[in-house]
Amino acid sequence: MGLPPPAPLLLGLLLLQGVPRPLGGDLVFIPAFMRMTGPAASASLVGRTEDVTVSLALLQDKEGLLPVPACGVLTNEAGEWSLTVTPSVNALDVTVRMKRGLQRCFSETDSFSESPCIVQTLLVSASRNSSCLAHLLIRVEIYANSSLAHNASENVTVIPSQVYQPLGPCPCNLTANACDVRCCCDQECSSDLTELFREACFTGVFGGDVNPQFDQLCSVQEPYRTPGWFPFLCVQSSLANSPFLGYFYDGSVSSRQHIAFEVHLHTDYRDFSDFGYKQGDPVMTLDKAYLTIPQVSLAGQCMQDAPVAFLQNFDVLCATNLEVYQEQDDIINVKIKNGAVGGIVQPKVIYEEAADPDKFITSTEILFSNESTSRNVNVEEHYIFRWNNNTISEINVKIIRAEINAHQKGIMTQRFTVKFLSYNSDNEEEFSGNPGYQLGKPVRALNTNKMNNVTTLYLWQSAGRGLCTSATFKPILFGENALSGCLLEVGIHENCTRLRENAVELLDSLIQATHVAMRGNSDYNDPSDGWLEIIRVDAPDTVVDPSAGANGSCMDIPTQLHIRILISDAGAVEGITQQEILGVQTRFSSVNWQFHCGLTCEDKADLLPVSASVQFIKIPAQVPRPLSRFQINFTEYDCNRNEVCWPQLLYPLTRYYQGEPYSQCVAKGLLLVSFFILAAFLSNPWTRTCRA
C-alpha cells in the first residue's frame, strides 16, 4: 500500500496541532495551508504574539516525504524567497515574496508548457524560545504567463481605414507582441500554444468574428428559411466584401483657431452652396469655411464652433467664464455665399449697449489693479437671414455689448438667436409652414379679444427649485408631444376655494388664446383665414365645504391641464405632405390635496405639483382601406413586416414616392424603359435573329 502524498499528510498534522489553539489564545496561522500561484502570498498569525519569532524554510522532498518541522534555525530568507512580518491589531501579517520575480519562467523561444515552471514547498514557522508554536505550509505552483514573455511596444498603432477593413480585426488581442490566452485570432500565438485553449476560444465579435455573414449570401441561407426566389437574387461574394464595412459616421466639424504650437489639421468642408442651399445645409463663407455661431449640444454643453444650418432657427443661452472668454471674429468682415454661383452677401451689423450688464454676469469679482482698463463683451447676438427660394438675400445682425472691467471674474450668460425669414415679409413675423405646418414649428394662436399679444400656446420651463413663480414659458411645437410642470406653494391653513382659483388661473396662463391657426401661414389680421376656436372644458364646480381646509386637505383641486390637438394630412405640395390642425381641446383633471406632515405639522409651505401635457392625435384624411384576403394570408409581402417590399419594386413610379412631382417620375420612368427596350434590340440574340 502506497504512502499518502506528503503535502496533505503534513497539512493534516498541522491542522490537528493548530486548530484547537485559538480557543485557548495560542498562536495559529490563518490559513494554515496555502496554494501559491504568483510571486507573493500573505497570511495572518493570530493569538498571543508577544516575543514571537517568525522564520521561513524551504522544504526538500526526500523520497516523497517532507522532513519534520524544526525551529532551531531562524531565518527570514530561503533561497529565492524572502519573508516580511508586519505587526497589526492582535495579529502579525506575514508576506512571502519571490526575490527575482518570474523572469526565469519565460523565454522568447520556448513555447507555453502544460507543467508549472516552479514547484516548491515552503514552511513558515512561529516560535518562542526555539519552541515551535504554529506552522504555515505553502505549496508553490507557478505556471508561465505568455503575456509577460515580451515587453510591450509603445509604438503608435496605425488605425486602418474603416471603409475597407474593420477597425479591430481581433478585439481580444490586448497585449502587443505577446499571446493572449483564449484569443484564437491572435497571430502572435504559436500553434502549440493555441492547441491548449482551442476548445475555450472567445466567441462573437470579441473573439474575432468582426465580419459576420450577412443574409444575402448564397451560402448562409438555411433550407427551411430560404424562399423559392432566393437563388435568383442571392449574392456571391467573399466575406472580405462585407456590407458592414464603412458603416460608421464620417462627419466634418469646423476647426477652432489653433495655437501657434499646435498642428493644423485640414478639415474637408463639403461645399455645395454654389448650386443653392437646401434645408439643413451649412451656410458657407467665401473662404470655404462654415459660418459658426455658438449653439447648445444634446448634452447641454455650449459648442463655440457649431455651423449654422440653412432654414433652421434656434435660440440658445451659453454660460461662459470671463477668465477664458475670447472675442469672436467680427461678423462684419465675413463674406457669406448666398447660394448662387459667385454670389456674396455682406452682413449688416448694428451695435447696442446693454442697459443692465449685471443681468448677464453672476458671481462678480474684480481683481484690483493699478490700471483701470475695460473691455467690451457680447452678451446677445441676434441674426436674421432673409431667404429667397434656395438663396440668402440679406443678413441683419444686432449685437448687444456690455462694458466691463478687464480684470472682472464671473460667469457670463450669452444669448444667440438665428431666424430665417422670407425675403418679401415686411416684419419679423415667423410662419410655422407654408401652407401646412412643419414639424417642430410653434403652433400659431390668436386672441380675438385683443387683450394681449399672444401668438402661440405655451408650456412651462422650470428653473431653480421648480416653483411656478420662477418658471418661464416655452412654445408648444407642432407634432411634438410634451409634458411640463411646476410646484405651487400651499400652506397648511390654505383656503380651498382660493386654492382652486389660483390653480385654474395658473393653468389658464398657458392657454391665453381663443383660436389656433389651421395652417402654418394663417394671417393674424384675418380671423376668417383658417382660425379654429379652442374648445375649453371648464373645471367642474365643487360644492363648498365650510370645514374644508381646516385640517390641511382640499377636494377636487384642478392640477392637470390636458391639451389635445387633432391633426391630419391635407394634401401635398411638390410631393411634400402638408399637415393642418383640425381642432384643439383643453380639459382639466382634479386631485384631492392633503398637507404632508413630518413628525409634527409645522406651519410651513407644502408643494403641490401642477402639470400640463400636450398630445397630437393624427386623424386619417380618409377611412383606411380594409386589408384584402391576400394581404392577410401572405404576410411576407407586407412592406411593414418585411425588409423586402415587392409592392414597391417600382418605387419611383408609385404614389409612395414624394421626392418629385408624379408627372416627372412617370416621364423619367418611361425614358428608362425605352433605354432597356433599345438595349434589348441591340443585344447579341436579336442581332443573330436578324442575320438569320
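Residues numbered from 1 in each chain as written. Predicted model: local features only at pLDDT ≥ 70, side-chain atom pairs only at ≥ 80, totals over all residues. Heavy atoms only, no water.

## Re the overall build of the protein
Each helix and strand in the protein was counted, giving seven helices and 29 strands. Looking at the protein residue by residue over its 692 residues, the buried ones come to 32%. The contacts of the protein with a sequence gap of at least 6 include a subset with a gap of at least 24, amounting to 62%. For the protein, the exposed surface amounts to about 43,800 Å²; the carbon and sulfur share of it is 54%. (Helix = DSSP H or I, 4+ residues; strand = E, 2+ residues; numbered from the N terminus. Buried < 20%, exposed > 50% of the residue type's maximum accessible area, 1.4 Å probe, protein only. Contact = heavy atoms within 4.5 Å. Areas by Shrake-Rupley, 256 points an atom, 1.4 Å probe, with all protein chains shown as cover.)

## So, helix α4 (residues 496-508)
Since there are 3.6 residues in each turn of an α-helix, residues three or four apart along the chain are aligned in direction. Between its terminal C-alpha atoms α4 stretches 18 Å, which fits the 18 Å expected from 13 residues at 1.5 Å a residue. Within α4 the residues assigned to the buried category are Cys-496, Leu-499, Arg-500, Ala-503, Leu-506 and Leu-507. Buried residues of α4, seen end-on, are gathered within an arc of 130° and therefore sit on one face of the element. Pointing more than 90 degrees away from the buried face of α4 are the exposed residues Glu-501 and Glu-505. (Expected span 1.5 Å × (residues − 1). Arc of directions from axis to C-beta.)

## Re the state of the cysteines
Counting across every chain of the model gives seven disulfides. At a sulfur-sulfur separation of 2.0 Å, the disulfide partner of Cys-468 is Cys-486. Since a negative S-S torsion denotes a left-handed disulfide, the Cys-468-Cys-486 link at about 90° is right-handed. Of this pair, Cys-468 sits in the loop between β21 (458-461) and β22 (472-475) while Cys-486 sits in strand β23 (residues 482-490), placing them 18 residues apart in sequence. Each of the two residues, Cys-468 as well as Cys-486, counts as buried. (Disulfide = S-S within 2.5 Å.)

## Considering the side chain of Ser-509
Residue placement: Ser-509 occurs in the loop between α4 and β24 (515-517). Looking at Ser-509, its side chain comes within polar contact range of the main-chain oxygen of Leu-506, at 2.5 Å. (Polar contact = N/O pair within 3.5 Å; in protein donor to acceptor, adjacent residues only side chain to side chain.)

## Here's the deal with the confidence of the model for the protein
In this model, the protein carries a mean pLDDT of 76, and residues with pLDDT of at least 70 account for 73%. Summarising per-element confidence for the protein, the mean pLDDT is lowest in helix α1 (residues 6-18) (47) and highest in strand β25 (residues 531-533) (92). Considering only residues more than four positions removed or in separate chains, one finds that residues 6-24, a stretch of pLDDT under 50, has 25 contacts. Within the model, the stretch residues 248-267 combines pLDDT values under 50 with 20 contacts to residues more than four positions away or in other chains. (pLDDT = per-residue confidence, 0-100.)

## Observations concerning the nonpolar core
As a rule of thumb, soluble globular proteins bury nonpolar side chains together. One finds Leu-457, Trp-460 and Ile-581 to be the most contacted residues of the largest nonpolar core, which totals 45 residues. Counting residues per element, this core draws most heavily on strand β27 (residues 553-573), at six residues. Phe-29, Val-52, Leu-136 and Ile-138 belong to the second-largest nonpolar core, a separate cluster that totals 27 residues. (Core = buried A, V, L, I, M, F, W, Y, C linked by side-chain atoms within 4.5 Å.)

## Regarding a negative patch on the surface
Negative charge collects at one region of the surface, where Glu-501, Glu-505, Asp-508, Asp-538 and Asp-541 lie side by side. Here Glu-501 is to be found in helix α4. (Patch = residues over 30% accessible without salt bridge, like charges linked within 9 Å, V, L, I, M, F, W, Y side chains within 5 Å. Salt bridge = Lys/Arg side-chain N within 4 Å of Asp/Glu carboxyl O. Lys, Arg positive; Asp, Glu negative; His and termini not counted. Charge placed at Lys NZ, Arg CZ, Asp CG, Glu CD.)

## With respect to the pattern of salt bridges
The tally for this structure, following the rule as stated, stands at nine salt bridges. A salt bridge links Glu-141 to Arg-35, with the nearest nitrogen and oxygen atoms 3.1 Å apart. Remark: Arg-35 occurs in strand β2 (residues 33-36) and Glu-141 occurs in strand β9 (residues 131-142); sequence separation between them is 106 residues. Using a relative accessible area of 19% as the deciding quantity, one classes Glu-141 as buried. A salt bridge links Lys-618 to Asp-569; its shortest N-O distance comes to 3.2 Å. A residue pair is termed long-range when its members are at least 10 positions apart, and Lys-618 in strand β29 (residues 606-618) and Asp-569 in strand β27 qualify at 49 residues. Note on Lys-618: relative accessible area 48%, which makes it partly exposed. Residue Asp-569 is classed as partly exposed on the basis of its relative accessible area of 29%. In this structure, a network of salt bridges that share partners links the residues Arg-35, Arg-139 and Glu-141.

## Looking at the packing of aromatic side chains
How two aromatic rings sit relative to each other is given by the distance of their centres and the angle of their planes. Summed over all chains, the structure comprises nine aromatic pairs. An angle of 80° between the planes, with centres 5.1 Å apart, marks the rings of Phe-202 and Phe-206 as edge-to-face. Note on Tyr-437 and Phe-478: the rings are 4.7 Å apart at their centroids and 10° apart in plane angle, and the pair reads as stacked. Here Tyr-437 is found in the loop between β19 (408-422) and β20 (445-446), whereas its partner Phe-478 is found in the loop between β22 and β23, with 41 residues between them in sequence. Tyr-437 gets classed as buried once you look at its relative accessible area, which sits at 4%. Through successive ring pairs, a cluster of aromatic residues spans Tyr-277, Phe-310, Phe-385 and Phe-420. The ring of Phe-202 has Arg-182 lying over it, and the distance from NZ or CZ to the ring centre is 4.4 Å. (Phe/Tyr/Trp six-rings, centres within 6.5 Å; stacked < 30°, edge-to-face > 60°. Lys NZ or Arg CZ within 6 Å of the ring centre and 35° of its normal.)

## Focus: unusual backbone geometry
Excluding glycine, most residues fall at negative phi; most peptide bonds, likewise, are trans. Put simply, Ile-30 and Pro-31 share a cis peptide bond, and its omega is -5°. For Pro-31, the location among the structural elements is in the loop between β1 (28-30) and β2. Although it is not a glycine, Asp-556 adopts a positive phi angle of roughly 55°. Structurally, the position occupied by Asp-556 is in strand β27.

## Considerations on the sheet that holds strand β8 (residues 118-128)
Note on sheets: strands pair through backbone hydrogen bonds, and any given pair is parallel or antiparallel. The mixed open sheet is built from four strands, whose spatial order is β2-β9-β8-β4. Single-partner strands in this sheet number two, and they are β2 and β4 (53-59). The sheet shows a mean angle of 25° between the axes of neighbouring strands, direction not considered. Inspection of the sheet shows β2 paired to β9 by four bridges, in the parallel sense. Within β9, the position partnered with Phe-33 by the bridge is Leu-137. (Pairing = 2+ DSSP bridges. Axes fitted to C-alpha atoms, helices over the stretch in contact; angles between N-to-C directions.)

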